[in-house]
Amino acid sequence: MKLATLKDGTRDGQLAIVSRDLTYCTVVNHIAPTLQAALDDWSNTAPRLARAAESLESGAQPMHRFHEHDAHSPLPRAYQWADGSAYVNHVELVRKARNAEMPASFWTDPLMYQGGSDTFLAPREAITMEDEAWGIDMEGEVAVIVDDVPMGASLDQARDAIRLVMIVNDVSLRGLIPAELGKGFGFFQAKPSSAFSPVAVTPDELGDAWDGGKLHLPLLVDYNGAPFGCANAGVDMTFDFPQLIAHAAKSRALGAGAIIGSGTVSNKQADGSPGKPISEGGVGYSCIAEIRMIETIESGKPSTSFMKFGDTVRIEMKSAEGQSIFGAIEQTVEAYKKEA
């Protein structure tokens, strides 16, 4: 089934089931008022939601048109947002561009940071920033929402806890990252609010593309109306979601509704060389930083700028039949205006 949170003027919106083709929806507040409430009692709410989803598909459920602009991120706020870096190719390029050797442990121990989860952007909400010099960048990713996960969870426990799958634009401010990391205390200002897809889907909706830990489909990124990336999320993913979840739960339990991200989807060329732009026959990139890294490696400096006011990014994933699975994240960068 596919679930969305419709805007209703409150912080957490109202839970709705969306048809598989993303055209119709039905509000299900008689089952659970919000997605978080549904996740808190998933063993009881999931069967009821599934029956309502079947009724929606058959036309037996009251329905109205689903408009992606009316949707918030499936969880407008969450108790936990932990983003990994599962595509080590991406990390390797970052370090190579600044002539830094990559520790061997990066291939065996996932990188992960704890992001801000008190405010997420809606999938069609503008990215507002005060200064273009902050190095505004998109990061196309996949994420999962989990049920309760015990501390020290096994890989099987982690896999069994996956309840929903989404895609993400994990906005980054590249110009602020070096100074923050230089303090030795991690990201904060460099990682503003992220945006998630209009709908979150149960893994069964993904068919053979979901193997229990990876989503084997291209993540489509358009930048200012032109194809920018189509890297396959199931390729070059060094750590799958059960590994990322177990890593996050090593020293703490995870509560129902915790979101775990994959990090920027990134593919190498078939020969192991860095990815190429789509215009050159490659699969392109899921963030601007990556093409800048390759430009730096090849010519000594980047030639592609980070996002400017007025720039637009669209992130989407389609089934093998060409149907949008999660709906689209589509955001424009705008100048932030402080209230008087």
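Just so it is clear, the model here is predicted, and its values are computed rather than measured.

Student: Please clarify how the sheet that holds strand β19 (residues 329-335) should be interpreted in this entry.
Tutor: Paired through backbone hydrogen bonds, the strands of a sheet run either parallel or antiparallel to each other. The sheet built from five strands is open, its strands ordered β8-β19-β18-β15-β16 with mixed pairing. Sheet topology places β8 (127-129) and β16 (226-229) at the edges, where each strand pairs with a single neighbour. Between one strand axis and the next, the sheet turns through 25° on average, direction left out of account. Bridge analysis of strand β15 (residues 219-223) against strand β18 (residues 312-317) gives five bridges, and the strand direction is antiparallel. Bridge assignment links D222 to a residue of β18, and that residue is R314.

Student: Where do I start with the pairing of strand β1 (residues 2-6) in this structure?
Tutor: Walk down a regular strand and you will see the side chains alternate between the two sheet faces. Burial of β1 is extensive: five of the five residues sit out of reach of the surface. Of the pairings in the sheet, the one linking β1 to strand β14 (residues 200-201) comprises two bridges and is antiparallel in character. What sits directly across from K2, in β14, is V201. Sheet analysis places β1 next to strand β5 (residues 71-72), joined by two bridges and oriented antiparallel. Pairing of L6 across the sheet is with A71, part of β5.

Student: Which parts of the structure should I look at to understand helix α6 (residues 241-248)?
Tutor: It helps to recall that an α-helix has 3.6 residues per turn; residues three or four apart then point in one direction. Across the eight residues of α6, six count as buried, placing the element largely inside the fold. Of the residues making up α6, those classed as buried are F241, P242, L244, I245, A246 and A248. Buried-residue contacts for α6 involve β6 (81-84), β7 (112-114), β10 (140-146), α4 (155-160), β11 (162-169) and β17 (259-261).

Student: Whenever I open this one, the packing of aromatic side chains confuses me. Can you help?
Tutor: Two measures describe an aromatic ring pair: the distance that separates the ring centres and the angle between the ring planes. Under the definition given, this model contains six aromatic pairs. With a centroid separation of 5.3 Å and an interplanar angle of 80°, the aromatic rings of W81 and F196 are classed as edge-to-face. Of this pair, W81 sits in strand β6 while F196 is found in strand β13 (residues 195-196), placing the two residues 115 residues apart along the sequence. Considered together, W81 and F196 belong to a single accessibility category, that of buried residues. Of the aromatic side chains, those joined through ring pairs into one cluster are W81, F120 and F196. One Lys or Arg, R65, reaches over the ring of Y24 and ends 5.2 Å from the middle of that ring. Across the ring face of F187, the terminal group of K191 is positioned such that the distance to the ring centre comes to 5.3 Å.

Student: Mind showing me how you'd approach the pattern of salt bridges here?
Tutor: For side chains bearing opposite charge, pairing can occur when the charged atoms are close. Summed over all chains, the structure comprises 13 salt bridges. Its salt-bridge partner being R174, residue D137 comes within 2.9 Å of it at the nearest N-O pair. On the criterion of sequence distance, the pair formed by D137 in strand β9 (residues 136-137) and R174 in the loop between β12 (172-173) and α5 (177-182) is long-range, its members being 37 residues apart. Between R163 and D147 there is a salt bridge whose closest N-O contact spans 3.1 Å. Here D147 lies in the loop between β10 and α4 and R163 lies in strand β11, a separation of 16 residues in the sequence.

Student: Explain the side chain of D170 to me, please; I cannot follow it from the model alone.
Tutor: Among the secondary structure elements, D170 is positioned in the loop between β11 and β12. When its relative accessible area of 1% is taken as the criterion, D170 is described as buried. Of note is the side chain of D170, whose polar atom sits 2.9 Å from the side chain of S194. Apart from residues no more than four positions distant in its own chain, D170 is found in contact with W81, D83, Y113, D137, M138, E139, E141, K191 and S194.

Student: Explain the nonpolar core to me, please; I cannot follow it from the model alone.
Tutor: Within the largest apolar cluster, 75 residues are counted, with the highest numbers of intra-cluster contacts made by V144, V165, L215, I245, M317 and F326. By size, the runner-up hydrophobic cluster in this structure holds 29 residues, among which are L3, V28, I31 and W42.

Student: Would you mind going over the environment of A258 with me for this structure?
Tutor: Within the secondary structure, A258 sits in the loop between α6 and β17. Taking the C-alpha atoms as reference points, A258 and Q80, separated by 178 residues in sequence, lie 4.6 Å from one another. If sequence neighbours within four positions are ignored, A258 has contacts with Q80, V144, I145 and V146.

Student: Explanation requested: the side chain of R163 in the structure shown.
Tutor: A polar contact of 2.7 Å, which involves the side chain of R163, links it to the backbone oxygen of D160. Once residues within four sequence positions are removed from consideration, R163 is found in contact with L39, W42, I145, V146, D147, V201, T202 and P203.

Definitions and cut-offs
Residues numbered from 1 in each chain as written. Predicted model: local features only at pLDDT ≥ 70, side-chain atom pairs only at ≥ 80, totals over all residues. Heavy atoms only, no water. Pairing = 2+ DSSP bridges. Helix = DSSP H or I, 4+ residues; strand = E, 2+ residues; numbered from the N terminus. Axes fitted to C-alpha atoms, helices over the stretch in contact; angles between N-to-C directions. Buried < 20%, exposed > 50% of the residue type's maximum accessible area, 1.4 Å probe, protein only. Contact = heavy atoms within 4.5 Å. Phe/Tyr/Trp six-rings, centres within 6.5 Å; stacked < 30°, edge-to-face > 60°. Lys NZ or Arg CZ within 6 Å of the ring centre and 35° of its normal. Salt bridge = Lys/Arg side-chain N within 4 Å of Asp/Glu carboxyl O. Polar contact = N/O pair within 3.5 Å; in protein donor to acceptor, adjacent residues only side chain to side chain. Core = buried A, V, L, I, M, F, W, Y, C linked by side-chain atoms within 4.5 Å.

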